[in-house]
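# Geometric and topological summary
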Amino acid sequence: MSEPDARRDPVAAAKPTIEALGIDPAGLDWQRSGDGEAGIEIAFVADPGQPGGWVLMRVAGDPDQRVLVYDRHEWVCFLDGVHKGEFDDAAR
């Protein structure tokens, strides 16, 4: 999987990775939704330099152990969409 091209996507340039943030995923308190290898895990990380901190998401059984990084605003927008049913079709 290639990294986003910051020349075409200014958000990609601003979005840090867990490596850039110096976060060790093994040391986090992951909250899990679902069972098995397809379970989604979420961890909340405080950061004095980022209002609201970071929200990290991963799939439990991902062999590449990828972690997605979201800021608090992105997370709140995602939850708002869930509450409004914007993803109901994807769950079918």
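Please read all numbers here as calculations on a predicted model, not as lab measurements.

So, about the overall build of the protein chain. Across its full length, the protein chain holds 3 helices and 4 strands. Listed N to C, the secondary structure of the protein chain is α-α-β-β-β-β-α in terms of helices and strands. For the protein chain, the residues scored as buried account for 23% of the 92 residues in total. Nonlocal contacts in the protein chain, meaning residues at least 24 apart in sequence, comprise 27% of its contacts between residues at least 6 apart. Total accessible area on the protein chain stands at roughly 6,900 Å², and carbon and sulfur atoms take up 53% of it.

Moving on, we come to the environment of Ile18. Mapped onto the secondary structure, Ile18 falls in helix H2 (residues 18-21). The spacing of Ile18 and Trp54 is 36 residues in sequence and 9.7 Å in space, taken between C-alpha atoms. For Ile18, the contacting residues outside a window of four places in its chain are Ile23, Pro25, Leu56, Val67 and Val69.

Counted by the stated rule, this structure contains 3 aromatic pairs. Ring centres 6.2 Å apart and planes at 80 degrees place the aromatic pair Phe44 and Trp75 in the edge-to-face group. Residue Phe44 is located in strand S2 (residues 40-45), and its partner Trp75 is located in helix H3 (residues 72-83); the two are separated by 31 residues in the primary sequence. Relative to Phe78, the ring of Trp75 lies with its centre 5.5 Å away and its plane at 35 degrees, an arrangement referred to as tilted. Taken together, the residues span about one helical turn, with Trp75 and Phe78 both in helix H3 at a distance of 3 residues. Among the residues examined, Phe78 registers a relative accessible area of 34% and is labelled partly exposed. Aromatic ring contacts, followed pair by pair, group Phe44, Trp75, Phe78 and Phe87 into a single cluster. Over the ring of Trp30 we find Arg58, and its NZ or CZ is 3.8 Å from the ring centre.

A word on the pairing of strand S3 (residues 54-59). Where S2 and S3 come together, 6 bridges link them in antiparallel fashion. Within the sheet, the bridge partner assigned to Phe44 lies in S3 and is Val55. As judged from the 4 bridges shared by S3 and strand S4 (residues 68-71), these two strands associate in the antiparallel manner. Within S4, the position partnered with Val55 by the bridge is Tyr70.

Scoring rules and cut-offs
Residues numbered from 1 in each chain as written. Predicted model: local features only at pLDDT ≥ 70, side-chain atom pairs only at ≥ 80, totals over all residues. Heavy atoms only, no water. Helix = DSSP H or I, 4+ residues; strand = E, 2+ residues; numbered from the N terminus. Buried < 20%, exposed > 50% of the residue type's maximum accessible area, 1.4 Å probe, protein only. Contact = heavy atoms within 4.5 Å. Areas by Shrake-Rupley, 256 points an atom, 1.4 Å probe, with all protein chains shown as cover. Phe/Tyr/Trp six-rings, centres within 6.5 Å; stacked < 30°, edge-to-face > 60°. Lys NZ or Arg CZ within 6 Å of the ring centre and 35° of its normal. Pairing = 2+ DSSP bridges.

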